[in-house]
Amino acid sequence: MPHDDLLDLARRVALEAGALAKRRRDEGVEVAASKSSPVDIVTEADRETERLIRDALAAARPADGFFGEESGAEAGTSGLTWVVDPIDGTVNFLYGIPHYAVSIAVVEGEPDPLTWRALAAAVVNPASGELFTATAGGGAFLGSEPVRVAPAVDLSQALVSTGFAYDSGERGRQGSVVSQLLPLVRDIRRMGTASLDLCFVACGRTNAYYERTLSPWDHAAGALIAREAGATVKGLGDAAPSRDFILAAHPELAARLERELVRLGV
Ligand code: LIP
């Protein structure tokens, strides 16, 4: 299939990085610094894992660009950029909650989620060993098994995951929206790792996911995996997913959920 070489590299590096992250978790984790707010933290494992990923990708494909959560962006000359969250679900990782992921995607075009085209993606949860992958046009997989989005359900039957910002003011606003949504759906899940939230839509463990204020590296890989599994993955209206908004669900449910979220003031 096309892009299999890129997928093989993403898979290999994600698994190697995931093994390092798990070792560091087992050894004990401490906060190294805070970023956008006192609860937006980074650990030394985040930084070490991103260094491993960045060095491995540069060794294999030196002409590609890099765009990572901890070490920033570096343009390449190949037209491809690797978009990396070395440890997505950092707070879960800090607290020892076994639900965090190494998220690696490679995109063509400018490294802008509004315009890029994702070609290959790998998301691994080192705690569970689950590895989700996809290539553009090649389908989505959990391990070696293909995955598909759950069939459409009524909004009232939908299990919907979401997440909240590190900014307390934005969280308060998001809490107001989700509290109004809760009685309209089956239930809500807040699991703390956007890349896995998107993979869970891809494999039918939830019916839908939405969030605002995500960074590009949070959703670059999971969005391709969910889309290749048959989900609609979108921003508001005709926009592509971005910091402004992302929603993933079966196409029929996506339209209904977006209308409701807009009515609730998302
Ligand atoms: C996290 C996302 C999660 C969101 C958190 C945080 P991080 O990314 O995966 O969906 O709700 O606020 O942004 O910071 O752990 O890489």
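Residues numbered from 1 in each chain as written. Predicted model: local features only at pLDDT ≥ 70, side-chain atom pairs only at ≥ 80, totals over all residues. Heavy atoms only, no water.

Student: Just give me the short version of unusual backbone geometry, but keep the residues and values in it.
Tutor: The backbone of Thr 213 shows a phi angle near 75°, a positive value even though the residue is not glycine. Note that Thr 213 resides in the loop between strand E13 (208-211) and helix H6 (216-228). (Helix = DSSP H or I, 4+ residues; strand = E, 2+ residues; numbered from the N terminus.)

Student: Describe in detail the sheet that holds strand E6 (residues 101-108), supporting the description with residues and values.
Tutor: If you trace the 8 strands from one edge of the open sheet to the other, you get E4-E3-E5-E6-E7-E8-E9-E10, paired in mixed fashion. Across the chains shown, the open sheet's two edge strands, defined by having one partner strand only, are strand E4 (72-74) and strand E10 (145-146). Where strand E3 (residues 65-68) meets strand E5 (residues 80-88), 4 bridges bridge the pair, whose relative direction is parallel. By the bridge assignment, Gly 65 is partnered in E5 with Thr 81. This element, helix H2 (residues 44-60), spans E3, E4, E5 and E6 of the sheet and lies at about 155° to E5. (Pairing = 2+ DSSP bridges. Contact = heavy atoms within 4.5 Å. Axes fitted to C-alpha atoms, helices over the stretch in contact; angles between N-to-C directions.)

Student: Account for the domain arrangement of the protein chain, naming residues and giving values.
Tutor: When the domains of the protein chain are assigned, the result is domain 1 (4-146) and domain 2 (155-264). Taking only C-alpha atoms into account, the centre of domain 1 sits 20 Å from that of domain 2. Listed by partner, the interface residues are 41 residues for domain 1 and 26 residues for domain 2. Buried area between domain 1 and domain 2, summed over both chains or domains, comes out near 2500 Å², and the portion from carbon and sulfur atoms is 69%. Inspection of the domain 1/domain 2 interface yields 1 salt bridge. With a closest N to O distance of 2.5 Å, Arg 205 and Glu 130 form a salt bridge. (Domains from an automatic or database assignment. Buried area = accessible area lost by both parts, 1.4 Å probe. Salt bridge = Lys/Arg side-chain N within 4 Å of Asp/Glu carboxyl O.)

Student: I'd like a rundown of the site of the ligand, residues and numbers included.
Tutor: Around the ligand, the surrounding shell holds 16 residues, and the nearest of these are Asp 88, Thr 90, Tyr 166, Ala 194 and Glu 211. Residue Glu 69 places a side-chain N or O atom 3.3 Å away from an oxygen atom belonging to the ligand. At a separation of 2.6 Å, an oxygen atom of the ligand approaches a polar side-chain atom of Asp 88. Notes on the ligand: free accessible area 380 Å², of which the protein chains cover 94%. (Near = heavy atom within 4 Å. Polar contact = N/O pair within 3.5 Å; in protein donor to acceptor, adjacent residues only side chain to side chain. Areas by Shrake-Rupley, 256 points an atom, 1.4 Å probe, with all protein chains shown as cover.)

Student: Give a detailed account of the nonpolar core, specifying residues and quantitative values.
Tutor: Formed by 36 residues in total, the largest nonpolar core has its most connected members in Val 83, Val 123, Phe 132, Tyr 209, Ile 225 and Val 233. Secondary-structure elements contributing two or more residues to this core are E6, strand E7 (117-125), strand E8 (130-135), helix H5 (194-202), H6 and strand E15 (246-249). Counting contributing residues, this core receives three or more from each of domain 1 (4-146) and domain 2 (155-264). Apart from residues lying up to four places away in sequence, Phe 132 is in contact with Ala 121, Ala 122, Val 123, Phe 141, Leu 142, Leu 196, Cys 199, Phe 200, Cys 203, Arg 205 and Ile 225. (Core = buried A, V, L, I, M, F, W, Y, C linked by side-chain atoms within 4.5 Å. Buried < 20%, exposed > 50% of the residue type's maximum accessible area, 1.4 Å probe, protein only.)

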